[in-house]
Amino acid sequence: MLGRLTLEDFKHDFVQNGAVASMVLGGVGLIALIFYLKRWKWLWNEWLTTTDPKRIGIMYIVVVLIMFMKGFGDAMMLRAQQAMAVGDSQGFLTAGHFQEVFSAHGTTMIFFVGMGFIFGLVNLIVPLQIGARDVAFPFLNALAFWLFTAASMLVLISLAIGKFSTAGWLAYPPLSELEYSPGEGVDYWIWILQIAGVGTTISGINFLVTILKMRCPGMTLMKTPIFVWSILCAMILVIFAFPVLTATLFMLSLDRYLDMHFFTSGGGGNPMLYVNLIWIWGHPEVYVLILPGFGILSEIVPTFSEKRLFGYVSMVWALLLITFYSFVVWLHHFFTMGASPGVNTFFAIMTMVIAIPTGVKIFNWLFTKFRGRVHFTSPMLWFFAFLLNFTVGGMTGVLLSVPPVDFQVHNSLFLIAHFHGMAIGGLLFSLFAGFTYWFPKFTGFFLDEKLNRYAFWCWLGGFLLAFMPLYMLGFMGATRRLDRYGVETNWHPLFVLVAIGAVIILIGASIQLFGLFWSIKNRKKNWDHTGGDPWNGRTLEWSIPSPPPIYNFAIIPTVSDVDPLWAIKRGEAPPARKDYEDIYIPKNTPIGMYIGLFSLIFGFAMTWHIYWLAIIGLIGILVNTIIQLSGNDEHDLITAAQVQEMEEARIRGNAAL
Amino acid sequence: MNDSMMVHHTRDKTANTSTPDPYQDAFSKTVFGFWLYILTDCLIFTTLFTTYAVMHNETFGGVHSRDIFQLSTAFTETMILLFSSVTCGLSVIAAVNNERKKILGWLIVTFLLGISFIAIEFREFSDLVHEGHKWDQSAFLSSFFTLVGTHGLHVSVGLFWLIVMFVQIFIKGITIPTFRRLVIFSLFWHFLDLIWIFIFTFVYLMGVL
């Protein structure tokens with residue numbers, strides 16, 4: 001009846017019980033709070049059933065915040081264990097639990113923090129920057145969000161029920177095969193990634209169509225903001241890479257559920273086929289994460305240097321080249337596979353070549369600042385830290401691309417230091433920069449600048465302390481995923497240093513979290529009184545009020561310049577149309593949420609082999625899909641007169657201030 | 001064909017052809033989006049084809065493709081699927097001319113052809129299993145069942161979708177949304193045909209060599 005689920009699966013050690021208890025209490029507390037405030041109806045109408053990308057973007061960021069806390073908690077446990085478990089001391093985690101924690105940490109941070117944060121910002125900013133009122137497929141947008149949320153809920157459930165995968169964030173076979181991982185952990189991992197992956201593919205299609213089909217009049221591709229270009233390239237990568245992930249995970253699950261022999265060590269299977277396939281997805285995925293980061297900084301640097309972006313065309317070509325090259329470098333993740341020197345050399349050279357377009361971008365940002373009026377706001381601070389960390393991380397990346405060097409340091413902490421330099425110092429710092437930069441756009445008020453600066457210095461100092469020693473430890477021979485080591489290695493002082501760095505980052509992250517709530521509480525004081533353009537912005541999102549009205553643009557703009565708002569400010573823009581028009585807004589629908597819920601049920605049931613429940617989940621998904629596919633494309637109409645009324649009320653309101 | 005021509009072809013007198021019309025917009029966006037979906041599905045099949053190519057000779061002492069494939073069955077399946085593509089296309093032509101009975105008729109023919117394809121494939125699979133050549137015997141058989149089975153799964157989903165389209169057109173006739181859905185259904189159906197051509201060539205024809 002309950003498949004493999006038994007009472008034993010609810011029993012955990014002390015540390016995990018604490019995490020589960022705080023999670024359950026937090027959830028119950030939140031629900032109780034909503035009841036207390038009588039906000040269910042508001043929540044349902046304004047948020048849960050919405051198809052408005054501005055709302056969906058904010059919901060993405062809320063889920064990301066929760067997942068970030070989980071992933072960060074995992075990281076702190078790893079750091080604490082490695083600082084303690086030296087010599088005879090065993091630390092506080094068993095080997096098995098340690099493996100679960102590092103697998104969960106990687107999975108959470110890549111799929112639910114990195115990807116989620118990016119899709120949050122994409123939802124918030126891309127339609128505004130291209131002068132559009134909505135995305136191409138509003139329903140699919142909501143559906144993608146709910147699939148993302150369902151998958152992240154499954155991550156949290158895996159904490160409370162049963163065990164998570166112990167096979168690392170990419171679940172290499174044969175370890176991830178039934179023979180060596182008979183438990184539910186790898187199945188959890190597979191279904192979490194399948195659900196999130198389908199959502200990501202849907203988003204990829206949605207935003208590619210949005211960017212290619214819905215740019216406002218006059219915005220040719222070579223007049224499109226670089227952030228939009230970066231998202232365009234990232235979505236192309238999503239569309240080409242994620243189906244490979246879906247198919248690969250599908251084959252791994254067939255191995256595990258139907259005893260097939262794709263990646264098993266026996267039966268003619270080939271584990272290295274999995275490793276190749278997963279990195280054919282995995283390397284483009286790396287660029288899905290970092291390209292939007294490049295895009296964000298390409299918006300911030302010109303704005304805060306009061307100069308036009310240096311080398312717009314080369315920036316676009318650099319993005320396109322990186323997009324292409326990212327598909328021909330996957331083998332550098334496993335030079336030690338034993339491919340012939342010719343093959344390794346090809347992939348090594350391709351990997352080094354990628355550094356060229358990336359270098360072009362770095363120099364373009366530097367030249368943008370050259371003789372500009374640079375404002376040292378917190379987004380710019382994040383940019384400077386990015387520059388340092390990304391360059392160091394990039395250089396060590398080029399080192400790793402040399403096969404003889406890679407043979408020495410692969411799978412060591414040197415590698416961990418490299419890719420955390422890119423993921424934190426590169427991606428996360430640029431996301432923080434973008435979040436701070438656009439925060440007043442989608443809320444109407446600023447984040448507290450003083451707290452931002454405190455948080456920034458903690459993050460930068462903590463990051464350097466937590467990851468630079470890892471380069472040294474890598475050279476000293478420390479491998480990744482190490483749950484204990486001997487005294488004679490002399491690694492202990494460095495591991496302690498690393499743990500101190502992690503604590504400093506924790507302080508920074510706590511200041512940010514506090515700062516977020518503090519700024520919301522004091523929003524009156526931090527209100528943006530400029531009417532939506534606090535930074536002297538260049539692009540269209542700053543031409544409309546903050547937060548934007550439901551229809552974004554009362555009148556669809558016509559642009560003739562890469563920096564349309566600056567063109568307006570200089571009086572060089574084409575005359576704006578004055579006539580309001582009827583606006584269609586897609587109706588709210590709960591179907592996306594229902595499909596997400598049934599996907600969660602399906603994923604959970606498949607993990608535990610509860611097949612009747614899986615069938616219920618599948619039927620639920622099908623029925624909701626049919627209902628959606630049989631609808632009549634219903635829209636709410638805002639008439640031109642209503643638009644005019646709303647716009648005039650806003651102008652009167654601004655005048656009153 | 002641009003949007004306003006599409007609206008014209010539906011012969012919907014109530015259709016509003018002045019902008020902004022969410023319906024008109026929706027057609028070109030949906031069709032483009034669906035082409036992108038087909039691209040992603042193509043990549044899933046590409047991965048499975050690649051795996052099949054790698055696994056083709058990994059028989060683990062069991063049967064080889066030469067020993068088990070019958071070209072006659074595969075050829076029959078090919079013909080059935082090709083004809084179903086023709087009938088599916090005819091139903092779209094009927095939709096452009098707004099002839100409801102013809103649309104429904106051709107959809108029924110398409111369905112019958114599709115279901116007989118599935119029946120033959122199911123028979124082929126169950127014969128293989130009964131002869132002891134199940135998917136867990138070797139990597140070759142795993143990749144064969146997965147590649148061909150995934151195509152079969154797509155055809156089954158297509159048949160299910162066809163029923164939904166049939167009911168919609170039966171009840172609502174050709175409206176702007178149902179026309180759009182019929183067009184993308186037919187794109188999907190032709191795509192499955194294309195994948196089958198590759199399966200027939202790479203799996204069956206080259207498999208018996």
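Owing to the predicted nature of the structure, the values given are computational and were not obtained by experimental measurement. (Residues numbered from 1 in each chain as written. Chains lettered and ligands numbered in written order. Predicted model: local features only at pLDDT ≥ 70, side-chain atom pairs only at ≥ 80, totals over all residues.)

Draft legend 1. Structural detail: the overall build of chain A. Looking only at helices and strands, one finds 19 helices and two strands in chain A. By the compact-globule yardstick of 26 Å for 657 residues, chain A fits well, its C-alpha radius of gyration being 25 Å. Dimensions of chain A, computed from C-alpha atoms along their principal axes, come out at roughly 75 × 60 × 45 Å. Evaluated residue by residue, chain A yields a buried proportion of 51% over its 657 residues. (Helix = DSSP H or I, 4+ residues; strand = E, 2+ residues; numbered from the N terminus. Rg over C-alpha atoms; globule rule 2.2 N^0.38 Å. Buried ≥ 20, exposed ≤ 12 C-beta atoms within 10 Å, placed from the backbone.)

Draft legend 2. Region of interest: the environment of A:L289. Residue and element names in this part refer to chain A. Secondary-structure assignment places L289 in helix α8 (residues 271-305). Taking the C-alpha atoms as reference, L289 lies 26 Å from L159; in sequence the two are 130 residues apart. Not counting residues up to four positions away in its chain, the partners in contact with L289 are G114, I118 and L427. (Contact = placed C-beta atoms within 7 Å.)

Draft legend 3. Structural view of the interface of chain B and chain A. Contact with chain B, which involves 33 residues of that partner, is made by 36 residues of chain A. Of all the secondary structure elements, the ones that give two or more residues to the side of chain B that touches chain A are α2 (22-55), α6 (139-172) and α7 (176-208) of chain B. Of all the elements, α2(B) adds the most residues to the side of chain B that touches chain A, at 17 residues. Tallied by class, residues from the side of chain B that touches chain A come to 19 nonpolar, ten polar and four charged. (Nonpolar A, V, L, I, M, F, W, Y, C, P; charged D, E, K, R; others polar.)

Draft legend 4. Structural view of the nonpolar core. Residues and elements named next belong to chain A. Of all hydrophobic cores here, the largest spans 229 residues; its most connected members are L147, L154, I192 and I231. Among the elements that take part in this core, helix α7 (residues 226-258) stands out by supplying 22 residues, more than any other. Discounting residues that sit within four places of it in the chain, I231 has contacts with V122, V126, F207, I211, P292 and G295. (Core = buried A, V, L, I, M, F, W, Y, C linked by C-beta atoms within 7 Å.)

Draft legend 5. Structural detail: the packing of helix α4 (residues 71-96) of chain B against α7(B). All names here are of chain B. Contact geometry for α4 and α7: axes closest at 10 Å, N-to-C directions at 165°. Judged by the inter-axis angle, α4 sits roughly antiparallel to α7. Considering how the two elements wind past one another, α4 and α7 form a crossing that is left-handed. For the pair α4 and α7, contact is made by L71, A74, T78, L81, L82, S85, C88, G89, V92 and A95 and by F179, L182, V183, S186, W189, H190, D193, W196, F200, Y204 and V208, respectively. (Axes fitted to C-alpha atoms, helices over the stretch in contact; angles between N-to-C directions. Parallel < 35°, antiparallel > 145°, perpendicular 65-115°, else oblique. Left-handed = near helix turned anticlockwise from the far one by under 90°.)

Draft legend 6. Layout of the confidence of the model for chain B. All names here are of chain B. Chain-level pLDDT for chain B is 89 on average; 89% of the residues reach the 70-or-more range. No element of chain B has a lower mean pLDDT than helix α1 (residues 3-9), at 43, and none a higher one than helix α5 (residues 100-130), at 97. Overall, residues 1-22 carries pLDDT values under 50, and its contacts beyond four positions in sequence, including any with other chains, amount to 30 contacts. Note on the complex model: pTM 0.95, ipTM 0.94. (pLDDT = per-residue confidence, 0-100.)

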